[in-house]
Amino acid sequence: MARSNKFGDGSVFILPAVLLLVLVLVAPLIWFFIQTLAGVGTAAELLTQAWSIITSRAVVTALATTNWISLLVTLLVLVISYPLAYYLANRQGLRFTLVLFCIIVPYFTSIIVRTYSWMVLIGRNGIINQALLSLGVITEPLTLLYTKTGVLIGMVYVLLPYMVLTLYATMKAIDPNLMRAARGLGANGFYSFTRIYFPLSVYGVVSGSLIVFIVAIGFFITPALMGGPSDVMIAMLIERSVEIMFDWSGAAIMSLFLLFVTLLLYGVYYRVTDVRRMMGA
Amino acid sequence: MSNGAPVRGLTVYVTVACLVLMLPIVIVIILAFGDQGYVKFPPTSLSLRWFAVFFGDSRWQHALWTSVLIAIIACVIATALGFFAAYAFVRSDIRAKKLLLSFMLLPIIIPNVITAIAMYFMAGRLGLVGNVFWIGLCHAVVALPIVLLILLSSLQGVDLNLERAALSLGCSRFGVFTKVVIPLAFPGILSSALFAFLASFDELIISLFLAGVRSETLPVRIWNSLHLQVEPVIAAVSAFLIGVTGVVLLLDAFMRQVRLARLASNSNDR
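**Q** What should I look at first to understand the overall build of chain B in this one?
**A** Each helix and strand counted, chain B has 12 helices and 0 strands in total. For chain B, the succession of helices and strands along the chain, N to C, is α-α-α-α-α-α-α-α-α-α-α-α. With the principal axes as the frame, chain B shows a C-alpha extent of 70 × 70 × 30 Å. When each of the 270 residues of chain B is scored for burial, the buried share is 45%. Sequence-distant contacts, at least 24 apart, represent 74% of the contacts inside chain B between residues at least 6 apart.

See the structure below:
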């Protein structure tokens, strides 16, 4: 190209952004890991300490909790989102805009605001308990806040839009004529859905579930505010080791483990999806 | 369609789901206009009392302006760098494009707690804890992927031939940017700047570590208050944050209209 002789092909323009990420993300991460882990001692001592931390009761419990909550949240989000995304993909005009509005507005509202609102809703003297008590549905207030149920409600609410938008992008690409053809050939609604529509949407199901699970295992704000003493997720344990116990090397070892798992899953995500479509962009 | 019942079922489901999705947002706004000293729903009377507390309290005001300042810094840096990076992605044959893009999306993938602690650690070594420029720079990292994703799609709509034409007519590379690319991509750039601002304005975890005592942002103050007690002024602050989100979404919707109108007029010209 004549252009490339004169001005280069434009790839240099990526450098400032790469530089920002290297200096303000990669460098702090490497510095943090190397400095804190080098402080532990020799490689053998480091491995011993890493092993004792990863197998300690607190970490094993937190990892199990993180895994269990993230799996449940992903499953719940998937089940709740699928019909919503289906509706979005098959409606136009005002209905489409209204439903999209109800998904987008919470999506772009601060996580701390969304979490606060659920705390007000499901607290012991919260709005839901007040309403149910005054209607006579229950006689004792329900204990939802500061339990695993509370964490699930909060996390499902925060992560739902990721899934809906991912599923919607996939479903929008499904040719509606395929369903019409199936029906024309005598397939009933259930059959054509399970044999044609669902298999075609599996791509969105997989990438949506992966992204929700990846974000869920690193979750901190919602479980920290809505969970009980036994609902400690790994990210909370990391924060506590720094903020309360000043245990930097412990935090570094747990962070390294979480980072490794996250990047591993991101690698799978990278394999199966187009990263440009992340978050339904 | 022959199967009316499933369709009706779906409509009912979607309606209920949308109500539940909007419930927390609506509740916060109603509570913010309540009059009680504790959280009660529905409020017995409406007032602007908690907004008066929010706007009258010097600590909340300090948090507000700290948030605004940090968000502006983050927005300017992320939008500028994100724009050039998106341009490079769209217009050049960088090798391993997909790999590079997935590297640049890492800030949304790496758990924020880890990012925040590493940035805090570095800030501690360099004496930057509580420094608003450092916090702005750290927020720019988190906002960069958002800018990139928006501008990638927006710049794909800018016709390469227009740039070629400008170049061949003697326009400089700089001129191509200021006279062709930026004006054509302007609605997208503005949208991405708005979302970058919002990402920083709403960010909690990084600010929580980096703020120190000097640079508490609004989300950090909400977090600190939530740990003590659920006071009604938080509802007013939350409603304010929802209002900011609303303004950003409205402006973005407007930008989209501009973009669509331009696309339509372009295709009419041909």
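**Q** Where do I start with helix 6 (residues 112-126) of chain B in this structure?
**A** In an α-helix there are 3.6 residues to a turn, and that puts residues three or four apart on one side. Between its first and last C-alpha atoms helix 6 of chain B spans 21 Å; for 15 residues at 1.5 Å apiece the expected length is 21 Å, and the two agree. Buried residues dominate helix 6 of chain B, accounting for 12 of its 15 residues. Every buried residue of helix 6 of chain B is accounted for by Asn112, Val113, Ile114, Thr115, Ala116, Ile117, Ala118, Met119, Tyr120, Phe121, Met122 and Ala123 of chain B. Close packing links the buried residues of helix 6 of chain B with helix 2 (15-38), helix 12 (234-243) and helix 13 (248-272) of chain A together with helix 5 (106-109), helix 7 (132-155) and helix 10 (205-210) of chain B. Positive backbone phi, at 70 degrees, marks Gly127 of chain B, one or two positions downstream of helix 6 of chain B.

**Q** Whenever I open this one, the interface of chain A and chain B confuses me. Can you help?
**A** A common way to state how big an interface is: give the accessible area lost once the parts meet. Residue-level contacts link 63 residues of chain A with 73 residues of chain B. Residue classes in the side of chain A that touches chain B are distributed as 48 nonpolar, 10 polar and 5 charged.

**Q** I'm lost on the environment of Val59 of chain A in this one. Help?
**A** All names here are of chain A. Among the secondary structure elements, Val59 is positioned in helix 4 (residues 57-89). We classify Val59 as buried; it has 21 C-beta atoms within 10 Å. Taking the C-alpha atoms as reference points, Val59 and Met254, separated by 195 residues in sequence, lie 8.1 Å from one another. Residues contacting Val59, with those up to four places away along its chain left out, are Ile53, Ile54, Leu237 and Met254.

**Q** Even after reading the chapter, I still don't get the confidence of the model for chain A, so can you show me in this structure?
**A** Keep in mind that low pLDDT regions are not for reading the predicted coordinates in detail. Residue and element names in this part refer to chain A. For chain A, the average pLDDT comes to 91, and 95% of its residues sit at 70 or higher. The secondary structure element of chain A with the lowest average pLDDT is helix 1 (residues 2-7), at 42, and the one with the highest is helix 4, at 97. Within the model, pLDDT remains below 50 along residues 1-7, and this stretch shows 4 contacts once partners closer than five positions in the same chain are excluded.

**Q** Where do I start with the nonpolar core in this structure?
**A** A general tendency of soluble globular proteins is for nonpolar side chains to be buried together. Among the nonpolar cores identified, the biggest contains 169 residues, and Leu159 of chain A together with Ile117, Ala143, Leu144, Ala196 and Leu210 of chain B are the most heavily contacted of them. Contact partners of Leu144 of chain B, with chain neighbours within four places excluded, come to Ala17 and Leu20 of chain A together with Ala78, Leu81, Gly82, Met104 and Pro107 of chain B.

**Q** For this particular structure, what's the right way to read the environment of Thr115 of chain A?
**A** All names here are of chain A. Following the sequence through the fold, Thr115 ends up in helix 6 (residues 111-122). We classify Thr115 as buried; it has 26 C-beta atoms within 10 Å. Residues Thr115 and Met155, 40 residues apart in the sequence, show an inter-C-alpha distance of 8.7 Å. Beyond its immediate stretch of four places on either side in the chain, Thr115 contacts Gly154, Ile221, Thr222, Leu225 and Met226.

**Q** Looking at this structure, I do not really get unusual backbone geometry. What am I missing?
**A** Most of the time, phi is negative for any residue but glycine, and the peptide bond is trans. Residue and element names in this part refer to chain A. In this model, Tyr146 sits at a positive phi of 65 degrees, which is unusual for a non-glycine residue. Within the secondary structure, Tyr146 is located in the loop between helix 7 (127-135) and helix 8 (148-172). For Tyr146, a count of 19 C-beta atoms within 10 Å gives the class partly exposed. At Phe246, a position not held by glycine, the phi torsion is positive, near 50 degrees. As for its position among the elements, Phe246 is in the loop between helix 12 and helix 13. For Phe246, a count of 9 C-beta atoms within 10 Å corresponds to the exposed category.

Cut-off values and rules
- Residues numbered from 1 in each chain as written.
- Chains lettered and ligands numbered in written order.
- Predicted model: local features only at pLDDT ≥ 70, side-chain atom pairs only at ≥ 80, totals over all residues.
- Helix = DSSP H or I, 4+ residues; strand = E, 2+ residues; numbered from the N terminus.
- Buried ≥ 20, exposed ≤ 12 C-beta atoms within 10 Å, placed from the backbone.
- Contact = placed C-beta atoms within 7 Å.
- Expected span 1.5 Å × (residues − 1).
- Nonpolar A, V, L, I, M, F, W, Y, C, P; charged D, E, K, R; others polar.
- pLDDT = per-residue confidence, 0-100.
- Core = buried A, V, L, I, M, F, W, Y, C linked by C-beta atoms within 7 Å.

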